[in-house]
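Remarks on the overall topology
What follows is the residue order along each chain.
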Amino acid sequence: MAPRIQLEKAAWRWVETVKPEEIGQEHIELAYRINLPACKRGTCRRNCKGNPNCLVGIGEQAWLGEIDENAFHSIDDPNSERRDKNTFVGLTNLGATCYVNTFLQVWFHNLELRRSLYQCQNSRAEEHNTESDYEPQSICEHLQYLFALLQNSNRKYIDPSGLVKALGLDTGQQQDAQEFSKLFLSLLEDTLSKQKNPNLRNVIQQQFCGQFSYVTMCNQCGRSSALPSRFYELELNIQGHKNLTECVTEFLKEEKLEGENRYFCESCQSKQNATRRIRLHSLPPTLNLQLMRFVFDRQTGHKKKLNSFISFPEQLDMGPFLEGKQDEKCVYELSAVLIHRGISAYSGHYIAHVKDARTGDWYKFNDEEIEKMEGKKLQLGIEEDIAFLQRLVDQDNHKFEEWCSEMANMRKQSVDKGKAKHEEVKELYKLLPARDGEQYEFIPLDWLKKWLDDSTATKEIDSSLFLCCHDKLHPDKVGDTKRVSLQAAQLLYERYGGGPRLDGSSLCRECVSQRCRVLRLKNQLNEDYKEISNLVKRTLSGEVFWVGKASLRSWRQLALEQLEEDEHETKHSNSQTNGQGPHSNNSKEFSSELSECTEDEMKTFNEDIVCSHGGLSILETERKLVSPEVWTKLREYFPKAPEFTQNQDPCQQCLTLEQEEKDNEAVSKMMALDQKNQLLNLFHEKNRPTLTKWPQGTDVLYIVPLFFVDEWRKFIRRPTKSSPVSNVSNTLLLCPHGGFMFTYDSLINGEAQHIALLWPNEWDVISRLFIVDQPISIHCLKQSTPSGSTTQYTTQPDLCWECRESFLFQQQRDLREYAQATIYIRKVIEDKRMIKEAVPDLNASSSEAEEEKEERPKLDGEKDPDFSQSQDGAKRLKLSDSSVSSAAAGPVTNMVKPGGIRRSTRHRKLRGEKALIVSANQTLKELKIQIMHAFSVAPFDQNLFIDGKSLTDDSATLGSLGVIPESIICLKADEPIADYAAMDDVYQVRMPEEGFKGTGLLGH
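Everything quoted here is computed from the prediction, not taken from an experiment. (Residues numbered from 1 in each chain as written. Predicted model: local features only at pLDDT ≥ 70, side-chain atom pairs only at ≥ 80, totals over all residues. Heavy atoms only, no water.)

With that out of the way, let us pick up the overall build of the protein. Tallying secondary structure elements over the protein gives 28 helices and 41 strands in all. Put simply, the protein has 1004 residues, and 44% of those count as buried. Taking the intrachain contacts of the protein between residues at least 6 apart in sequence as the baseline, contacts between residues at least 24 apart amount to 73%. Split by element, the accessible area of the protein, about 54,400 Å² in all, is 47% carbon and sulfur. (Helix = DSSP H or I, 4+ residues; strand = E, 2+ residues; numbered from the N terminus. Buried < 20%, exposed > 50% of the residue type's maximum accessible area, 1.4 Å probe, protein only. Contact = heavy atoms within 4.5 Å. Areas by Shrake-Rupley, 256 points an atom, 1.4 Å probe, with all protein chains shown as cover.)

Moving on, we come to the pattern of salt bridges. Summed over all chains, the structure comprises 19 salt bridges. Residue Arg277 is joined to Glu323 by a salt bridge in which the shortest nitrogen-to-oxygen separation is 3.7 Å. One end of the pair, Arg277, is in strand E9 (residues 274-282); the other, Glu323, is in the loop between strand E13 (315-317) and strand E14 (331-333), with 46 residues separating them in the sequence. Between Asp954 and Lys928 there is a salt bridge whose closest N-O contact spans 3.1 Å. Here Asp954 is found in the loop between strand E40 (949-951) and strand E41 (968-973), whereas its partner Lys928 is found in helix H27 (residues 924-935), with 26 residues between them in sequence. Because the salt bridges share partners, they merge into one network encompassing Lys182, Glu233 and Glu235. (Salt bridge = Lys/Arg side-chain N within 4 Å of Asp/Glu carboxyl O.)

Attention shifts here to the sheet that holds strand E24 (residues 545-548). Sheet architecture is open: 3 strands sit in the order E25-E24-E26, paired in antiparallel fashion. The outermost strands of the open sheet, each flanked by one partner alone, are strand E25 (623-626) and strand E26 (644-645). (Pairing = 2+ DSSP bridges.)

This part covers the packing of helix H20 (residues 652-678) against helix H22 (residues 706-717). Contact geometry for H20 and H22: axes closest at 8 Å, N-to-C directions at 125°. Considering the angle they form, H20 stands oblique to H22. In the packing of H20 onto H22, the handedness of the crossing is left-handed. Every residue of H22 that contacts H20 at Ser668, Met671, Ala672, Gln675 and Lys676 is listed here: Trp712, Phe715 and Ile716. Counted by class, the contact of H20 with H22 contains 5 nonpolar, 2 polar and 1 charged residues. (Axes fitted to C-alpha atoms, helices over the stretch in contact; angles between N-to-C directions. Parallel < 35°, antiparallel > 145°, perpendicular 65-115°, else oblique. Left-handed = near helix turned anticlockwise from the far one by under 90°. Nonpolar A, V, L, I, M, F, W, Y, C, P; charged D, E, K, R; others polar.)

The next point concerns the layout of surface pockets. Looking at the largest pocket, its volume works out to about 1,600 Å³. Sort the elements by how many residues they give to the lining of the largest pocket and strand E15 (residues 336-341) lands first, with 5 residues. Each residue belonging to the lining of the largest pocket can be placed in one class, and the counts come to 29 nonpolar, 12 polar and 9 charged. (1 Å grid on protein atoms, 1.4 Å probe; cavity = no way out; pocket = protein on both sides within 12 Å on 5 of 7 lines; lining within 4 Å. Points joined across faces, edges and corners; volume = space filled by probe spheres on them.)

The subject of this paragraph is the packing of aromatic side chains. Summed over the entire model, instances satisfying the criterion amount to 25 aromatic pairs. Each ring, one from Phe212 and one from Tyr214, has its centre 5.4 Å from the other, and the planes form 80°; the classification is edge-to-face. Of the residues examined, Phe212 reaches a relative accessible area of 6% and is grouped as buried. Residue class for Tyr214 comes out partly exposed when judged on its relative accessible area of 34%. Geometrically, the ring pair formed by Phe545 and Trp631 is stacked, given 5.7 Å between the ring centres and 15° between the ring planes. Of this pair, Phe545 sits in strand E24 while Trp631 sits in helix H19 (residues 628-637), placing them 86 residues apart in sequence. A residue is classified by how much of its surface remains accessible, and Phe545, at 9% relative accessible area, is buried. (Phe/Tyr/Trp six-rings, centres within 6.5 Å; stacked < 30°, edge-to-face > 60°.)

Summing up the model confidence of the protein, the mean pLDDT is 76 and the portion of residues at 70 or higher is 78%. Within the model, pLDDT remains below 50 along residues 376-384, and this stretch shows 31 contacts once partners closer than five positions in the same chain are excluded. pLDDT under 50 marks residues 571-601. Its contacts with residues more than four places away, or in other chains, come to 56 contacts. (pLDDT = per-residue confidence, 0-100.)

Before going further, it helps to spend a moment on the side chain of Asn730. By the secondary structure assignment, Asn730 is in the loop between strand E28 (727-728) and helix H23 (744-748). A polar contact of 3.2 Å, which involves the side chain of Asn730, links it to the backbone oxygen of Ile703. Beyond its immediate stretch of four places on either side in the chain, Asn730 contacts Ile703, Val704, Pro705, Trp763, Val772, Asp773, Gln774, Pro775 and Ile776. (Polar contact = N/O pair within 3.5 Å; in protein donor to acceptor, adjacent residues only side chain to side chain.)

What follows concerns the pairing of strand E3 (residues 210-218). Across 8 bridges, E3 lies against strand E4 (residues 224-231) in antiparallel orientation. By the bridge assignment for E4, Phe212 is matched with Ser229. As consecutive antiparallel partners, E3 and E4 are separated by 5 residues, and within that stretch Gly222 has a phi angle of approximately 80°, a positive value. Pairing between E3 and E9: 8 bridges, direction antiparallel. Each bridged residue has a counterpart across the sheet, and for Phe212 the counterpart in E9 is Leu280.

This next bit is on unusual backbone geometry. Residue Gly499 is joined to Pro500 through a cis peptide bond whose omega torsion reads -5°. Residue placement: Pro500 occurs in the loop between strand E22 (498-499) and strand E23 (502-503). In this chain, Gln796 is followed by Pro797 through a cis amide linkage whose omega measures 5°. Structurally, Pro797 is set in the loop between strand E32 (788-796) and helix H25 (801-816). Its identity is not glycine, yet Asn687 carries a phi of approximately 50°, on the positive side. Overall, the relative accessible area of 56% leaves Asn687 in the exposed class. Of note, the phi angle at Glu966 is positive, near 70°, even though the residue is not glycine. With a relative accessible area of 17%, Glu966 lands in the buried category.

It is worth spelling out the environment of Arg713 at this point. Inspection of the secondary structure puts Arg713 in helix H22. When residues no more than four places from it in sequence are discounted, the contact partners of Arg713 are Leu682, Phe683 and Glu685.

Across the sheet, which stays open at both edges, the 3 strands sit in the order E21-E19-E23 with antiparallel pairing between neighbours. The sheet is open, and its two edges are formed by strand E21 (481-485) and E23, each paired on a single side. For strand E19 (residues 440-444) and E21, the ladder comprises 5 bridges, and the chain directions are antiparallel. Bridged to Ile443 within E21 is Lys482. Packing of helix H14 (residues 486-496) onto the sheet brings it into contact with E19 and E21, and relative to E21 it is tilted by some 105°.

A word on helix H11 (residues 244-252). Among the residues of H11, those classed as buried are Leu244, Cys247, Val248, Phe251 and Leu252. Along the axis of H11, the buried positions cluster into a sector of 130°, meaning they face one direction only. Where H11 is buried, its residues contact E3, strand E5 (234-237), E9, strand E10 (289-292) and E13. Between a side-chain oxygen at the N-terminus of H11 and the backbone nitrogen of Thr245 the separation is 3.2 Å; the capping residue is Asn243. (Arc of directions from axis to C-beta.)

Across the 11 residues that make up helix H3 (residues 98-108), a large majority, 11, are buried. For H3, the full list of buried residues reads Cys98, Tyr99, Val100, Asn101, Thr102, Phe103, Leu104, Gln105, Val106, Trp107 and Phe108.

Here we come to the nonpolar core. The nonpolar side chains of soluble globular proteins are, as a tendency, buried together. One finds Trp107, Leu167, Leu169, Phe180, Phe184, Leu188 and Leu1001 to be the most contacted residues of the largest nonpolar core, which totals 52 residues. Of all elements in the fold, only H3, helix H4 (111-118), helix H6 (139-152), helix H7 (161-167), helix H8 (177-192), helix H10 (203-208), strand E16 (349-355) and strand E17 (362-366) reach the threshold of two or more residues within this core. Element by element, the count of residues in this core is highest for H6, at 9 residues. With residues near it in sequence (within four places) discarded, Leu167 still touches Ile139, Phe180, Phe184, Leu187, Thr999, Gly1000 and Leu1001. (Core = buried A, V, L, I, M, F, W, Y, C linked by side-chain atoms within 4.5 Å.)

This brings us to the pairing of E32. Of the strand pairs in this sheet, strand E31 (residues 777-785) and E32 are connected by 9 bridges, and their pairing is antiparallel. Each residue of the ladder has a partner; that of Leu781, found in E32, is Gln792. The antiparallel pairing of E31 with E32 creates a hairpin that spans 2 residues between the two strands.

What follows deals with the environment of Ser224. Relative to the helices and strands, Ser224 resides in strand E4. With 41 residues separating them in the primary sequence, Ser224 and Cys265 have C-alpha atoms 9.0 Å apart. Residues within four places of Ser224 in sequence aside, it is in contact with Val215, Thr216 and Met217.

The following block contains the structure:
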């Protein structure tokens, strides 16, 4: 089938030979494409939107063949969540709780510990009403319930969130498994010690606790002292070893205490060389050996993981290592191995390989997933008597079975619904095509697609968006509908409802006639354009008419837009045409020809010569006279255009306003010239008085706001474009009490940038020419004393000290409470050169909007304070190790002097210096992260200085550290790092490790 635009063109091609009053039924059916051939399946890759008879590619492909019933639902088989026979139960990973899950599985498979926990008194579980959910409270209750579920649950895996929440653990933070084991067993031991049953109070000690002693022997007198101790695990160093026996041997080896590490002998009463070793006295039934893979790296200052290979046997004879029992057998069988996957000490994943004590088979426990390694079949049963807990397990199993049943019913309902829909589609799709000569209706294409899309609910049919202003089917909307048989439409409306229904009587003759008229005018437009272009060039005679030159240049484009507007007027207010109109390409063609002369602001023809009062514009250069023939043709396209004959006078109001404007401009020019001549030095900024060196010959200077002088100069330069200045608002420089806000010292130290100084004779002229609300002056009083002459400066009005101090306080407060301010980081390296490498300035302002373009002009002979010129012409920063503090004051950017207010001059950003956007409440740690991304320097390698002070407190805010807007912070890097990801990880390492602080494992 042809593309949509070609189909639309073909539907209206008949308008070239048929006038609107000659339109018949065959023309209306052509416009609505009633007789276009329907597409056959396999001929269209996608649906032909321009053909209302094409019913291919609307979503029917998924329904016309055989369909697997699993396609009718998205619900997984609930039995996939069911525990297989003779398998263990997994534990859900709540985010980063794999270290908890692995130890729970290891402890669950410790049969003696499990039996002991089942014997703990639990009145809450015994008295629990199974109609409500069981919520354990104590650690023992949580472990009892978890172990019972791991033993007899029907679920493939269970949720340990109750225990994790009771311990107060952060589920999103990875923790050290060894530390968790120590703290949890200690907590469990403390909890069990309060049991009434004496056999349960020492379960943890009996199962996991052994004894050794630290024995120290003096080399001088041979006296030995022993310090007995208990242990729950042996921490074995693996560096330099290949097997477990070597690690244990090193753990027990003798250590020499010499030099500064000598031992104070009680017998010798002095420090002596000695030896120290660990002696094992007794071992527990369950021996926990911790291989120290996570060690502290002194070079980097953080932990790292050792990936050394260590072999260990399935049986370990610890007899040779026991003190005094070397000849006895003390054989341990390997029962569990906890494994950390990952190369970093700060991330990774824990899994456990556990040996089933009943069968001797090994299993890999990886959170929810459990994999049998090798060996015999697993035979599970109820090993212990857990009658009071079994009721709770049965309750959970019952809930699980109810959930499985509910999911199965939902799957069945979805399948049944899908099969019914399948039969409905197969039945109705065969009835959809409308045969020639039979009755038909139009159904929205989008509704048909949603009806065939099983993922969305089918709503009622809504055809209201396709109506024209005559409440019939709009010709432009026929491409968004499909013509179907009356029988199919009847069935669809009966099942789904909706409306209005659009049948053969809904073809709109009025809209087709209007479109025919518009298209014929568009076709005539080219001929009229050529004729008018020729007529405009002829000599004028008779009554002629004024036409705007801009309108005449763009009349064809305006006519085209008018025709388009007439075409759209036939549309319903809530109807919008999808895609381009059938002749939008003509519009593009015309607009491309006239693009150079189209007036963007033109809305109506000839409006460009209508003044604001509705009369003829007085600007005769913007209009042109045309002949009656030209005007008649233009009126055909613009019947509402304003008409002006040659004899019509221009707007009298505009003529009056024009004359007044000319008179005012003349007055302004005379006023500007007069003021300029009287204040020539002020205008040219020549011979200006300064406060730093009081001028001779006068003891008073006058002050006006600099804003007044700037506005006055604008008026003098362009008197016809700027408004004249009439007032001098000196109250802007005064406080609410009428006092002056500045001191003489503050003015010479930077606050004079908002004022202008005047000579007395200039003040006389200004007082005469302008309205002054309040005179302000500075007086110089010189007095002779025996010790010499003194000079005193006063202001009139006097200084208001109360408002002055409040102003200074508020200004200093603003400097400490800023947000989104700019500071500059200047990197310094050891060879005293500014860093040159271009690192992406990720946290600096991308537009550099804060960087000022203007620079402070240097005085004659003034040297650049930051760079010295070397022989090779390259600039080098003059900054030694001892002058880091002074570097922050490089270009004079922030200067505070006694009695003055700090002012910022333009900051000149040096090469290698970067601007960062910061806030006062931001911490130094956060600033270091910004610097890390900007300079590729890890935070712990950053040495920051400001005004001679080192910034070291990472938790302090920038405001408290004295960092203010426009500050320059010097950065000295110890060791650059280029890997961004590594730096992020390393900075995380440098954060204080809180471990299990704040959790239930530490009693909180």
